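# Fold and contact review
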There are 2 protein chains.
Amino acid sequence: MSTDSWESIAAEAQKHRDASIDRLQPPLPGLPATADLPLDVTSIPAAVLTPQEVAITEASPEHVLQKLAGQEWSAVDVASAFLRRAGLAQQLVNCITELTPERALARAKECDDYLKTHGKPMGPLHGLPISVKEMVGMKGLDLNAGFCGWWGTVAEEDAWLLDSLWDAGCVFYARTTQPQTLMHLETSSNLYGVTVNPYNRNLTSGGSSGGEGALLGIKGSCLGIGTDIGGSIRSPAANNGVYGLRPTANRLPLGGLSASMEGAEHIMPVIGPMSTSLAGIDIFMHAALAKKPWLRSPSLVPLPWTPPATLASTPGKPIKVGVLWDDGIVKPHLPILRALQETVAKLQTAGNSQFEFVDWTPYKHDEAWEIIASLYFADGGAEESAAIASSGEPWRPLSRWIIPDNPHVKNLSIAELWALTNRRDAYRAQYAQVWNDTASGVDATTGDLLGAVDVILCPVGPGAAPPLDCARYWGYTSQWNLLDYPALVFPVGKVDQQRDAKDGSYQPRNEQDLYNHELYDPKVYENAPISLQLVGRRFEDEKVVGVCRAMEAVLKTAL
Amino acid sequence: MSTDSWESIAAEAQKHRDASIDRLQPPLPGLPATADLPLDVTSIPAAVLTPQEVAITEASPEHVLQKLAGQEWSAVDVASAFLRRAGLAQQLVNCITELTPERALARAKECDDYLKTHGKPMGPLHGLPISVKEMVGMKGLDLNAGFCGWWGTVAEEDAWLLDSLWDAGCVFYARTTQPQTLMHLETSSNLYGVTVNPYNRNLTSGGSSGGEGALLGIKGSCLGIGTDIGGSIRSPAANNGVYGLRPTANRLPLGGLSASMEGAEHIMPVIGPMSTSLAGIDIFMHAALAKKPWLRSPSLVPLPWTPPATLASTPGKPIKVGVLWDDGIVKPHLPILRALQETVAKLQTAGNSQFEFVDWTPYKHDEAWEIIASLYFADGGAEESAAIASSGEPWRPLSRWIIPDNPHVKNLSIAELWALTNRRDAYRAQYAQVWNDTASGVDATTGDLLGAVDVILCPVGPGAAPPLDCARYWGYTSQWNLLDYPALVFPVGKVDQQRDAKDGSYQPRNEQDLYNHELYDPKVYENAPISLQLVGRRFEDEKVVGVCRAMEAVLKTAL
């Protein structure tokens, strides 16, 4: 910990970041001053980069891998292109904590040399650049979890997940922003300020993996790593129109991460992929699990990644989708409901009976929030408070909202913690029963549920990316953290100024609903991406990815 | 809870138990008065039961199932035989809390009728009697977890594991004793007194599933259900010369159990099988997991029981066994070390190069005990103290030893709990590394460890069944609870008066070692069964069973 003022720490952190970008060669082209930027900055990088840099950075990860394996693009060219676009992204949306050009280019050269020498790629991620949320440690680099007071801590080892990806041949090149405490669905810290949304700079990039979200949204990355304990992969994926998977807990290793509340296992954080393509999610999970990481990380369940295709619906048996339109607490804004309706309609009309839709009735999502919000900060937020106090930095608005102003946060006794853990387990069993009850029967030999819902399709939040400091409802994502269900976010459209007018006659149900309702105005949410969420039962991560693939095949035909 | 004195509660409990035995028809034959019983009572039941009753009760579970499926024995005859032998067992070793003759015989008749009507067994456990530790709830029956103050609580549902077994066709007929607090490696309560060892009534049956252990040891059951958080399946299995499996946590469901500290997940309790045969363990696990219990119990990992055969060593590649001779803290008594040496020698000489043995160096087992003992009672034992105080019953000696007299028990703050959980996870990762380091390399494609140890072979405790109130070292079993490794106990012999003389020259290493050393005298341990323990890595339950099967095939040839 530093004894400097938080302001000087922040200045030092930003100087370190800027220097890492200034080392890019050739130097980045000039951009308009921040005040002169348009709301939508997504097309700016393509206007100033070379045609090859644009081609590389706008390709999907599977396409980049193909070009690398075919030696059409060198790994050095690919790394350089993404480094440069990430450098521009920093100037446009403030999403980077540092670039690592020397490490990245040396590694990329190693990949190129390997391919030349051996005549084959280094591994399934050969030469692919991967961006990484700052809290995921990289040996010898800073690790601060969003607190000024933690700045200056240096990681002693690479995070264990990174080792698996490295072993598969990837290139790490960019580290991305996160909020103070890591517990916002936005990205606002005293170290780096606010990360904004590339589609509309007045809106949040989401969080807590909001640096990743914004970087992917502006195509400064095609595959990145986030973490999620209440929506922190899914909110930024949704807000920036990219894919994000919250895997089931204990599938991917958490070794080497920096965060408060280490040792708290009441609600397990997870680490997972974010990508500009669905195939990117699949490729990432496969590489991460290919070599039995559970032998090193004994918390993991020894389940390899089973290719999604094998888990898709059997011919003649439709994939049954429960549609959760509304959680009963906070009604989603009109663009979300419209996108959900249109998606279901397209899948029904163009789906050739591949899908069957039923309404999913939410089961006590208010109780779910009460349980998870109480379990998040079982020490009453003491550790976060101490980490903030250690540098004298001020509380960011959403840190205040989720800890001191959160009525569910309390310093628990062990007996209270056990009672809450019991409530959590009881709720999980009840929700499993709700799901089982969607079946018409049980196969007497296998125990399989006959005709049960396969996945839940639902909003990712009560609206698209909100204006800054307004992401104050977690229920649409935290619900699945409480249940430890895998959840995948995928983009379906954008807010439409014509069709998404505000419903002036709506009568809000409660204070949270009123807050959310008042946030909405189509003008405010202009150009915001809209995404949806597919949710499976525990350990059905592959099924969720497989169903999304089947849906996208239809949706692309229907568009 | 009752407002009666604990003495009157205990009298009522015992009256209820005796009445359940008195309802057996025909009435049980008379037995010698307790004072006149020999130390070894294992052969007494066979002397007073009918030849068919003896044949049934002395058969292994797989043999009983075969006879039932072939209609050579009716389910009613089988249930009646086990009920009667269990009734005798109660008089000889005090292991029963109640028999359920009416339910059992009605169920057995249902099995017989089904087989007659359908021409096939009801399921893989058709007609097989299964005995159950009292804390595992049965709808409408008492549920007390060993506390007088909890007596009178009635289970509202069957424990969830029982539902799976019931569905497979089994018959529940006997409920068995457990100690006060459930946290002894013996079985001593104020409700029912002390359960003793059928091989030597001066010794303990072990615990906390000691009623099961004693009942299986005297063949009043061939398949039973215990629970284990520090050795509670394995200690009684070992002490009574039967098989017992502590599965990896979250493989079998815990729904419907009664115990203190519900909601504590720092050290997970498990439920698992105990049996007079190894096949019984396999049959049980298969039936319990055949119909996807994880759909009802969302804490479970969705892993079906993969037949052990498929996990045995590949031809030409020996099974590599790490032998943990001594944990470095408390040296096992001579009979244990002799049995371990003889077992290894037999497997080496008669094993046809199937096995390779290396010494396993214990890694900080003292630290392991410190961590687990601190995590067991994170509330400082407040819940147990309250449960004991609620009836005014006295503390049993081993309850006192493990809670108020245990230097590691402390009422923790949430921050302290998190720090300890972190220490637990760090220790688990270190132990995984120790295991990984036994490999000579890693397969570059699969990540498999080349030449690594497959299983650990070790003692189950620092001696055979000790005299009453002396089971004060848990390290040989609790070690694997801390690591959540599957561990299987199997019998290998008995204490030998000639060969197992005390080593008078031994210099104990510490106070615990001194206590254990002073316990030993071959005369005191006369006739005590000796068992060993096979330990695998997390979720390698099937491998452990498979290796034991391969070992037994050799050991039987060698005998």
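Residues numbered from 1 in each chain as written. Chains lettered and ligands numbered in written order. Predicted model: local features only at pLDDT ≥ 70, side-chain atom pairs only at ≥ 80, totals over all residues. Heavy atoms only, no water.

## Details of the interface of chain A and chain B
Facing 43 residues of chain A, the contacting portion of chain B comprises 43 residues. The junction of chain A with chain B conceals about 3,500 Å² of combined surface from both sides, 58% of it contributed by carbon and sulfur atoms. Taken together, the connections running from chain A to chain B amount to four salt bridges. Between D448 of chain B and K292 of chain A there is a salt bridge whose closest N-O contact spans 3.1 Å. Remark: the boundary between chain A and chain B carries 20 residue pairs in polar contact (both at pLDDT 80 or more). No other element matches the 10 residues that helix α15 (residues 414-436) of chain A contributes to the side of chain A that touches chain B. Here the residues of the side of chain A that touches chain B are counted per class, giving 20 nonpolar, 11 polar and 12 charged. (Contact = heavy atoms within 4.5 Å. Buried area = accessible area lost by both parts, 1.4 Å probe. Salt bridge = Lys/Arg side-chain N within 4 Å of Asp/Glu carboxyl O. Polar contact = N/O pair within 3.5 Å; in protein donor to acceptor, adjacent residues only side chain to side chain. Helix = DSSP H or I, 4+ residues; strand = E, 2+ residues; numbered from the N terminus. Nonpolar A, V, L, I, M, F, W, Y, C, P; charged D, E, K, R; others polar.)

## Quick notes on the pattern of salt bridges
Under the criterion given, the structure shown has 68 salt bridges over all chains. Residue E342 of chain A pairs with R338 of chain A through a salt bridge whose shortest N-O separation is 3.2 Å. One end of the pair is E342 of chain A and the other is R338 of chain A, both in helix α11 (residues 334-350) and four residues apart, which spans about a single turn. The exposure class of E342 of chain A is partly exposed, given its relative accessible area of 25%. Here E342 of chain B ties to R499 of chain B by a salt bridge, and the two come within 2.5 Å at their closest N and O atoms. In this pair, E342 of chain B is assigned in helix α11 (residues 334-350) and R499 of chain B in the loop between β16 (487-494) and α17 (511-519), connecting sequence segments 157 residues apart. Bridged by salt links that share partners, the residues R338, E342, D496, R499 and D500 of chain A form one connected network. (Buried < 20%, exposed > 50% of the residue type's maximum accessible area, 1.4 Å probe, protein only.)

## Regarding the side chain of H365 of chain A
When you line up the elements, H365 of chain A lands in helix α12 (residues 365-376). In this structure, H365 of chain A is in contact with L324, D327, I329, Y427, Y431, Q479 and W480 of chain A, ignoring residues within four places of it in sequence.

## Considering the UniProt feature "binding site: substrate" (unreviewed entry) in chain A
Residue and element names in this part refer to chain A. Sites flagged by UniProt as "binding site: substrate" (unreviewed entry) map to L182, S208, I229, G230, G231 and S232. A stretch of 51 residues holds the annotated residues, and the largest C-alpha distance among them is 11.0 Å, short enough that they meet in one place. Within the fold, I229 resides in the loop between β8 (223-228) and α9 (234-239). By relative accessible area, which is 16% here, I229 ends up buried. (UniProt positions renumbered as here; feature names shortened; annotations may be inferred.)

## Re unusual backbone geometry
For residues other than glycine, phi is negative in most cases, and the peptide bonds are mostly trans. G207 of chain A connects to S208 of chain A through a cis peptide bond whose omega is 5°. With respect to the helices, strands and loops of the structure, S208 of chain A is situated in the loop between β7 (200-204) and α8 (210-217). A positive phi angle is found at K219 of chain B, which is not glycine, with a value near 65°. Positionally, K219 of chain B belongs in the loop between α8 (210-217) and β8 (223-228). Judged by its relative accessible area of 29%, K219 of chain B is partly exposed. With phi around 70°, D469 of chain B is a residue other than glycine that occupies positive phi space. Looking at where D469 of chain B falls in the secondary structure, it is placed in the loop between β15 (455-459) and α16 (475-483).

## Comments concerning the sheet that holds strand β1 (residues 96-99) of chain B
Residue and element names in this part refer to chain B. What the 11 strands build is an open sheet, ordered β1-β3-β2-β8-β10-β9-β16-β17-β15-β11-β12; its pairing is mixed. Both edges of this open sheet fall to β1 and β12 (355-359), since each of them pairs with a single strand only. Direction aside, the axes of adjacent strands within the sheet are offset by 30° on average. As paired strands, strand β9 (residues 243-246) and strand β10 (residues 270-275) are joined by two bridges and run antiparallel to one another. Note that in β10 the partner of Y243 across the bridge is S275. Here α16 sits on the sheet and contacts β8, β9, β15, β16 and β17 (529-535); the angle it forms with β17, its principal contact strand, is near 20°. (Pairing = 2+ DSSP bridges. Axes fitted to C-alpha atoms, helices over the stretch in contact; angles between N-to-C directions.)

## With respect to the nonpolar core
Judged by nonpolar contacts, the single largest core of 102 residues is most densely connected at L165 and I225 of chain B. In terms of residue count, helix α5 (residues 75-93) of chain B provides more of this core than any other element does, 11 residues in total. Counting only domains with at least three residues in this core, you end up with domain 1 (6-21 + 51-295) and domain 2 (313-558) of chain B. Excluding its chain neighbours within four sequence positions, the residues that come into contact with I225 of chain B are I130, S131, V132, K133, V136, L161, L162, L165, E212, I271, G272 and F284 of chain B. Counting 101 residues, the second-largest nonpolar core is a separate cluster that includes M135, V136, A214 and W294 of chain A. (Core = buried A, V, L, I, M, F, W, Y, C linked by side-chain atoms within 4.5 Å. Domains from an automatic or database assignment.)

## Notes on the packing of helix α12 (residues 365-376) of chain B against α16 of chain B
Residues and elements named next belong to chain B. At a minimum axis separation of 9 Å, α12 and α16 run at an interaxial angle of 70°. Judged by the angle between their axes, α12 and α16 are roughly perpendicular. On the side of α12, the interface is formed by H365, A368, W369, I371, I372 and Y376, while α16 contributes S478, Q479, W480, N481 and L482. Its residues placed into classes, the contact of α12 with α16 shows seven nonpolar, four polar and no charged. (Parallel < 35°, antiparallel > 145°, perpendicular 65-115°, else oblique.)

## A look at the pairing of β15 of chain B
The side chains of a regular strand alternate, residue by residue, between the two faces of the sheet. Residues and elements named next belong to chain B. Of all five residues in β15, five are buried, a share of seventy percent or more. Of the pairings in the sheet, the one linking strand β11 (residues 319-323) to β15 comprises three bridges and is parallel in character. Its bridge partner lying in β15, G322 is registered against I456. The pairing of β15 with β17 spans four bridges and is classified as antiparallel. Looking at β17, one finds that I456 is bridged to V535.

## Looking at the environment of R400 of chain B
Tracing the backbone through its elements, the reader meets R400 of chain B in helix α14 (residues 397-402). When the C-alpha positions of R400 of chain B and S385 of chain B are compared, they lie 9.9 Å apart, and in sequence the two are 15 residues distant.

## As for the UniProt feature "active site" (unreviewed entry) in chain A
All names here are of chain A. Within this numbering scheme, the UniProt entry marks K133, S208 and S232 as carrying the feature "active site" (unreviewed entry). The greatest C-alpha distance among the residues just named is 10.9 Å, despite their covering 100 residues of sequence, which places them together in space. Mapped onto the elements, K133 comes out in strand β2 (residues 129-133). Residue contacts for K133: discarding those within four places in its chain leaves T176, Q178, L182, S208, S209, E212, I225, G226, T227 and S232. Given the relative accessible area of 1%, S208 is considered buried. Setting aside chain neighbours within four positions, we find S208 in contact with K133, T177, Q178, P179, L182, H184, L185, E186, T187, T227 and S232. In terms of polar contacts, S208 uses its side chain to reach the side chain of K133, at 2.6 Å.

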